[in-house]
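Examining the three-dimensional arrangement
Single-letter residue listing:
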Amino acid sequence: MNDLRTIALQLCPFSPRLEAGLSARFDVIRWFELSEGEQSTWLAAQAPGVHAVVTGGHVGCSNALMAALPSLGIIAIHGVGVDKVDLPFARSRNVRVTTTPGVLTEDVADLAVGLIIGLLRGIPASDAYVRAGSWEQGDRPLARKVSGRRFGVVGLGHIGAAIAARLAAFGPVAYTGPQRKEVPYAFHADLLDLARASDVLVLACPANASTRHIVNAAVLAALGEEGYLVNVARGAVVDEGALVAALDAGRLAGAALDVFENEPHVPEALRSSSRVVLTPHMASATVETRIRMADVVLENLDAFRAGGLSPAQ
Ligand code: 8YV
């Protein structure tokens, strides 16, 4: 292990475990706490000392920041999403990009199931109802049944497959993705066909140029007024304007969303809708999983440091 201390830029807050691990290895600059002016001043004086950027999947690292760091060798992502890092640009600068694969799969799948049940059974609204004392004035309207629904999973990678395995206990599962897989679920090459064949459409695909806004007005129309949308992937996969319009017009029964186009800002039209369940990008946010994610980030950084801190070849 090369024990040379060097600088890491930390682009968002992390668990105490990860922050302690980073401080033990690097001089850590809490980049997200600096103003733009402070960042420019800091870069002018210190940029060559930075070998690592540590960031969240939802935050990534801009090309401008990469370009400003001549010694940068690694972008260590605390998460699996690489949509906020320009991978070809990183490669062109010999910057390796690491993620935390595998360790968060179960949590994301668990949350997807929780969101589906919460949405169809109206759990958040029912909780608010009891807390408000409204039960004493009468019962809540009936909710909708989960078991027996037809589930469509968009993206059958590790997370999508874990979601499908859980949902198979509730009803028939179908999926779409770039290719058919050896799985016991119906494959639809076309997202519109999958939406037509589904009561609940669950998004678990990566965000990239080919998935941006794939859930558009036509897909929502195909899902229909009895249909539900669940998103644990990325906000960019959904045309949020089209979603709001469909919900407002009653052309979609409801949506459960853990991710949004412009986090942490959530459009007022969604926040005030009675047809949605909203969570703050928390699919991997459990104590157990965040411990494992922290450890994988640190392992990735250690592997990089053991290579002598030089950029990837
Ligand atoms: C995290 C994520 O919320 O894995 C991802 O890509 O978006 C999430 O697990 C985030 O990256 C935490 O830093």
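Our structure's up above, just so we're on the same page.
Now for a quick tour of the structure.

Conventions we followed
- Residues numbered from 1 in each chain as written.
- Predicted model: local features only at pLDDT ≥ 70, side-chain atom pairs only at ≥ 80, totals over all residues.
- Heavy atoms only, no water.
- Pairing = 2+ DSSP bridges.
- Helix = DSSP H or I, 4+ residues; strand = E, 2+ residues; numbered from the N terminus.
- Contact = heavy atoms within 4.5 Å.
- Axes fitted to C-alpha atoms, helices over the stretch in contact; angles between N-to-C directions.
- Near = heavy atom within 4 Å.
- Polar contact = N/O pair within 3.5 Å; in protein donor to acceptor, adjacent residues only side chain to side chain.
- Areas by Shrake-Rupley, 256 points an atom, 1.4 Å probe, with all protein chains shown as cover.
- Nonpolar A, V, L, I, M, F, W, Y, C, P; charged D, E, K, R; others polar.
- Phe/Tyr/Trp six-rings, centres within 6.5 Å; stacked < 30°, edge-to-face > 60°.
- Buried < 20%, exposed > 50% of the residue type's maximum accessible area, 1.4 Å probe, protein only.
- Lys NZ or Arg CZ within 6 Å of the ring centre and 35° of its normal.
- Right-handed = clockwise from strand over helix to strand, strands pointing away.
- Parallel < 35°, antiparallel > 145°, perpendicular 65-115°, else oblique.

Section: the sheet that holds strand β12 (residues 276–278)
Read from one edge of the open sheet, seven strands run β8-β7-β6-β9-β10-β11-β12, paired in parallel fashion. Pairing within the sheet leaves two strands with one partner each, and these edge strands are β8 (186–187) and β12. In terms of strand pairing, strand β11 (residues 254–257) meets β12 through three bridges, oriented parallel. For Ala255, the partnering residue across the bridge sits in β12 and is Val276. With respect to the sheet, helix α5 (residues 105–121) is in contact with β6 (151–154), β9 (200–203), β10 (228–231), β11 and β12, its orientation differing from that of β10 by roughly 150°.

Topic: the site of the ligand
Looking at the ligand, there are 13 residues lining it, with Gly57, Val80, Gly81, Arg234 and His281 nearest. Here His58 contributes a side-chain N or O atom positioned 3.5 Å from an oxygen atom of the ligand. A distance of 2.8 Å separates an oxygen atom of the ligand from a polar backbone atom of His78. Within the complex, 93% of the 330 Å² of free accessible area of the ligand lies under protein. In terms of residue class, the shell around the ligand is built from three nonpolar, eight polar and two charged.

Some details on the packing of aromatic side chains
Applying the stated rule across the entire model yields two aromatic pairs. Summarising the aromatic geometry, the rings of Trp31 and Trp42 are spaced 5.8 Å apart at their centres and angled 75° between planes, so their arrangement reads as edge-to-face. Of this pair, Trp31 sits in the loop between β2 (26–30) and α2 (36–46) while Trp42 is found in helix α2, placing the two residues eleven residues apart along the sequence. Taken as a pair, Trp31 and Trp42 share a single burial class, namely buried. Between Tyr175 and Phe187 the ring centres are 5.2 Å apart and the planes differ by 50°, which places this aromatic pair in the tilted class. With a gap of twelve residues between them, Tyr175 in strand β7 (residues 173–176) and Phe187 in strand β8 connect regions that are remote in the sequence. Each member of the pair, Tyr175 as well as Phe187, carries the same accessibility label: buried. Across from the ring centre of Tyr129, 5.9 Å away, lies the NZ or CZ of Arg140, which sits over that ring. When the ring centre of Phe26 is taken as origin, the NZ or CZ atom of Arg305, which lies over that ring, is 5.6 Å away.

Looking at the sheet that holds strand β4 (residues 74–78)
The strands that make up a sheet are held in pairs by hydrogen bonds between backbone atoms, and each pair lies either parallel or antiparallel. Judged by pairing direction, the sheet is parallel, and its five strands sit side by side in the order β2-β1-β3-β4-β5 without closing on themselves. Taken across any chain shown, the strands that pair with only one partner, and hence form the sheet edges, are β2 and β5 (96–98). Looking at each pair of strands side by side, their axes are set apart by 20° on average, direction ignored. Helix-sheet contacts for helix α1 (residues 16–25) involve β1 (6–10), β2, β3 (50–56) and β4, and the interaxial angle to β2 is about 130°.

A word on the pairing of β9
Consecutive side chains along a regular strand alternate between the two faces of the sheet. Burial of the side chains of β9 extends over both faces: Val200 and Val202 are buried on one face and Leu201 and Leu203 on the other. Both β6 and β9 contribute to a ladder of four bridges, which runs parallel. The partner of Phe151 across the bridge, within β9, is Val200. Bridge analysis of β9 against β10 gives four bridges, and the strand direction is parallel. For Leu203, the partnering residue across the bridge sits in β10 and is Asn231. Regarding the hand of the β-α-β motif, the stretch spanning β9, helix α9 (residues 217–223) and β10 is right-handed.

So, the packing of α5 against helix α6 (residues 123–131)
Between α5 and α6, the shortest axis-to-axis distance is 6 Å and the interhelical angle comes to 60°. On the basis of their axis angle, the class for α5 and α6 is oblique. Of α6, the residues touching α5 (which contributes Ile117, Gly118 and Arg121) are Ile123, Pro124 and Ser126. Within the contact of α5 with α6, the residues separate by chemical class into three nonpolar, two polar and one charged.

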